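Topology and contacts: notes
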Amino acid sequence: MAGLTGRFSTVVKAKISKLLDRAEDPSETLEYSYQKQMELLQNVKKGLADVVTAKKRLQLQSQKLEQQVVKLDTQARQALAAGNEELARTALERKSAVQNELQGLDTQVAELEGQQQSMIDNQAKLQSKIEAFRSKKEVIKAQYSAAEAQVRIGEAATGVGEEMADVGLAMQRALDKTENMRARAQAVDELEKAGAFEDLTQLGGGEDDIDRQLKELSSGTQVDSELEKMKAELAAGGGTSAGELGSGDAPAPGGGPAGGESA
Amino acid sequence: MIVRIATEGQYRLADDVVERVNALDNEAVAAVEAGDEARFTDLFGQILSLIRAEGAPLPEDELHGSDVIVPPPDTSFEEARHEFSGDGLIPD
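As a starting point, this report considers the structure included with it. (Residues numbered from 1 in each chain as written. Chains lettered and ligands numbered in written order. Predicted model: local features only at pLDDT ≥ 70, side-chain atom pairs only at ≥ 80, totals over all residues. Heavy atoms only, no water.)

**Quick word on the pattern of salt bridges**
What counts is decided by this rule: For this document, the term salt bridge refers to a Lys or Arg side-chain nitrogen within 4 Å of an Asp or Glu carboxyl oxygen. Helix and strand labels come from DSSP, where a helix needs a run of H or I of at least four residues and a strand needs a run of E of at least two; each type is numbered from the N terminus. Here the term buried applies to any residue with accessible area under 20% of the maximum for its type, exposed to any over 50%, and partly exposed to those in between, with areas from a 1.4 Å probe on protein chains only.
As enumerated under the stated definition, the model contains 13 salt bridges over all chains in all. We note a salt bridge from Lys55(A) to Glu113(A), for which the minimum N-O separation is 3.5 Å. Here Lys55(A) is found in helix 2 (residues 29-81), whereas its partner Glu113(A) is found in helix 3 (residues 85-143), with 58 residues between them in sequence. Residues Glu148(A) and Arg152(A) are paired through a salt bridge, measuring 3.5 Å at the closest nitrogen-oxygen approach. Of this pair, Glu148(A) and Arg152(A) both sit in helix 4 (residues 146-193), separated by four residues, roughly a single helical turn. Accessibility expressed as a relative area gives 36% for Glu148(A), which makes it partly exposed. One salt-bridge network, in which partners are shared between bridges, spans Glu111(A), Arg173(A), Lys177(A), Asp74(B) and Glu79(B).

Printed below as a string of structure tokens:
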């Protein structure tokens, strides 16, 4: 088999024999395996801690984005109430972009959970293989001549070595993924620190002007929104869309409940 | 024949299944060389499904080296290309 799998097999096998060469006698492989297992176990523990940390961070970001969704929703309502439909549209576009980002985060959290589980499973499997090797070795020693036992133990050692290499590979890949996600989480954090968190919500392609307008709109609302509400109520007789919104569910200045209502 | 899906586990496959895997594998290589990511993803998925569906998982207390080792299921197209350029999927 020469293709992708053939090439991959060759690389893995080279790695396994390198791994096993360190134990000079195949029967020493057991001891070597235990030692390697302990190292792997340490790595798994460290890796799991990394995975959990990365997961928590992503969950925290996810919460922030959810707040952002509520905020943008409120802003859209305010813009609409102010009769600025275009602005409301922009806010809604951003809201949808943030929601996309949220979905991406959720997928990553799920993926990290998967990684966590497979690391635990792989570790358990390696443990079974090493136990099997231990008992098999004794049986082989009792049943075969020294030379033949050497060969058979060598075969079994290859099985254990392959499992070790595979657990190592799985671990490496899980950690690489976690690292990537951590880098991404960090990038988002840095954006936020630089005051550019709003930029993240501009994936929908908003201009700075609009953002400033939105800000003015929401900062001025403590007094203005009351005013707008009144205006809208007054104008309700005219049947404008601003009137509809304003009389029905104009957001409180804090903006909290508005998102809840829309969701 | 014993086949391992890297990071997943070992399966015992009948010879005719191995031949089908081999055929798909060659097509996957052609897809990688042609830079056709969608086709590669599809074929690689077929290889994995075939092994999982037709292969008998090796019991955990059995110790055998694999005849063939299939790259990890989460292998990306980029990684598959590196596999050919010589970098490989396995860190040293």
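**A few points about the packing of aromatic side chains**
In this description, a pair of aromatic rings is defined by centroid distance and the angle of the planes. All names here are of chain B. The condition is simple: Here a pair means two rings of Phe, Tyr or Trp (six-membered ring of Trp) with centres within 6.5 Å. Their orientation is stacked below 30 degrees between planes, edge-to-face above 60, and tilted elsewhere.
In the structure shown here, the tally under the stated rule is two aromatic pairs over all chains. Between Phe40 and Phe44, the ring centres sit 5.5 Å apart and the planes meet at 10 degrees, which makes this aromatic pair stacked. Of this pair, Phe40 and Phe44 both sit in helix 2 (residues 37-54), separated by four residues, roughly a single helical turn. No difference in accessibility class separates Phe40 from Phe44, as the two residues are buried. Between the aromatic rings of Phe40 and Phe77, the centroid separation amounts to 5.8 Å while the plane-to-plane angle is 55 degrees, which identifies the pairing as tilted. Taken together, the residues span a long stretch of sequence, with Phe40 in helix 2 and Phe77 in helix 3 (residues 77-85) at a distance of 37 residues. A residue is classified by how much of its surface remains accessible, and Phe40, at 1% relative accessible area, is buried.

**Quick look at the pairing of strand 1 (residues 2-5) of chain B**
It is a general feature of regular strands that their side chains alternate between the two faces of the sheet. Residue and element names in this part refer to chain B. Note the threshold: The pairing criterion for strands is at least two bridges between them, as found by DSSP.
Burial along strand 1 is two-sided: the face carrying Ile2 and Arg4 and the face carrying Val3 and Ile5 are both buried. As paired elements, strand 1 and strand 2 (residues 9-12) share four bridges and run antiparallel to each other. From the neighbouring strand, Val3 faces strand 2, where its bridge partner is Tyr11. Counted between consecutive antiparallel strands, the loop separating strand 1 from strand 2 contains three residues, among which Thr7 sits at a positive phi close to 70 degrees. Of the pairings in the sheet, the one linking strand 1 to strand 4 (residues 68-70) comprises three bridges and is parallel in character. Within the sheet, the bridge partner assigned to Val3 lies in strand 4 and is Val68.

**With respect to the packing of helix 1 (residues 15-33) of chain B against helix 2 of chain B**
Residue and element names in this part refer to chain B. Heads up, the rule is: For helices, the fitted axis covers only the stretch in contact; all axes are lines through C-alpha atoms, and the angles between them, taken along N-to-C directions, range from 0 to 180 degrees. Every angle not falling under 35 degrees, over 145, or within 65 to 115 is termed oblique; those three ranges are roughly parallel, roughly antiparallel and roughly perpendicular. Crossings are classed by handedness, with left-handed meaning an anticlockwise turn of the near helix from the far one by less than a right angle and right-handed meaning a clockwise turn. Contacts are assigned to residue pairs with any non-hydrogen atoms lying within 4.5 Å of each other. Classification used: nonpolar for Ala, Val, Leu, Ile, Met, Phe, Trp, Tyr, Cys and Pro, charged for Asp, Glu, Lys and Arg, polar for all others including Gly.
Between helix 1 and helix 2, whose axes approach to 8 Å, the crossing angle comes to 165 degrees. Of the possible angle classes, the one that applies to helix 1 and helix 2 is roughly antiparallel. When the axes of helix 1 and helix 2 are compared, the crossing they make is left-handed. The residues of helix 2 that touch helix 1, namely those facing Val17, Arg20, Val21, Leu24, Asp25, Glu27, Ala28, Ala31 and Val32, are Arg39, Phe40, Leu43, Gln46, Ile47, Leu50, Ile51 and Glu54. Classifying every residue of the contact of helix 1 with helix 2 gives 11 nonpolar, one polar and five charged.

**Digging into unusual backbone geometry**
Residue and element names in this part refer to chain B. Residue Thr7 is not a glycine yet carries a positive backbone phi of 70 degrees. With respect to the helices and strands, the residue Thr7 is situated in the loop between strand 1 and strand 2. What makes Thr7 buried here is its relative accessible area of 19%.

**Observations concerning the layout of surface pockets**
How we decide: Only protein atoms enter the 1 Å grid, on which a cavity is a set of points fitting a 1.4 Å probe that cannot get out and a pocket is an open set with protein on both sides within 12 Å along at least 5 of 7 lines, lining residues being those with an atom within 4 Å of a point. Grid points are joined across faces, edges and corners, and a volume is the space filled by probe spheres set on the points.
Here the second largest pocket defines a volume of roughly 210 Å³. If you go around the second largest pocket, the residues you meet are Gln115(A), Ser118(A), Asp121(A), Asn122(A), Ala170(A), Arg173(A), Ala174(A), Lys177(A), Thr7(B), Pro72(B), Pro73(B) and Asp74(B). Split into classes, the residues belonging to the lining of the second largest pocket amount to four nonpolar, four polar and four charged.

**Some details on the environment of Leu20(A)**
Residue and element names in this part refer to chain A. Within the secondary structure layout, Leu20 lies in helix 1 (residues 4-21). Considered as a pair, Leu20 and Val160 are 140 residues apart in the sequence and their alpha carbons are 9.3 Å apart. When sequence neighbours within four positions are dropped, the list of residues in contact with Leu20 reads Thr29, Ala157, Thr158 and Gly161.

**Considering a negative patch on the surface**
Residues and elements named next belong to chain B. We count it as follows: Without a salt bridge and with relative accessible area above 30%, a residue can belong to a patch; like charges are then joined within 9 Å and nonpolar side chains (Val, Leu, Ile, Met, Phe, Trp, Tyr) within 5 Å. In this description, accessible areas are obtained by the Shrake-Rupley approach with a 1.4 Å probe, and a residue is regarded as covered only by the protein chains that are shown. In this tally Asp and Glu are treated as negative and Lys and Arg as positive; neither His nor the chain ends contributes. Here the site of a charge means atom NZ of a Lys, CZ of an Arg, CG of an Asp or CD of a Glu.
A cluster of acidic side chains, namely Asp15, Asp16, Glu19 and Glu54, defines a negative patch on the protein surface. Among the elements that take part in the negative patch, helix 1 stands out by supplying three residues, more than any other. On the secondary structure map, Glu19 appears in helix 1.

**Side note on the packing of helix 2 of chain A against helix 3 of chain A**
Residue and element names in this part refer to chain A. Put simply, helix 2 and helix 3 touch, their axes get as near as 8 Å, and they point 165 degrees apart. When the axes of helix 2 and helix 3 are compared, the pair comes out roughly antiparallel. Like other packed secondary-structure pairs, helix 2 and helix 3 cross with a definite hand, here left-handed. For the contact of helix 2 with helix 3, the residue count by class is 30 nonpolar, 14 polar and 12 charged.

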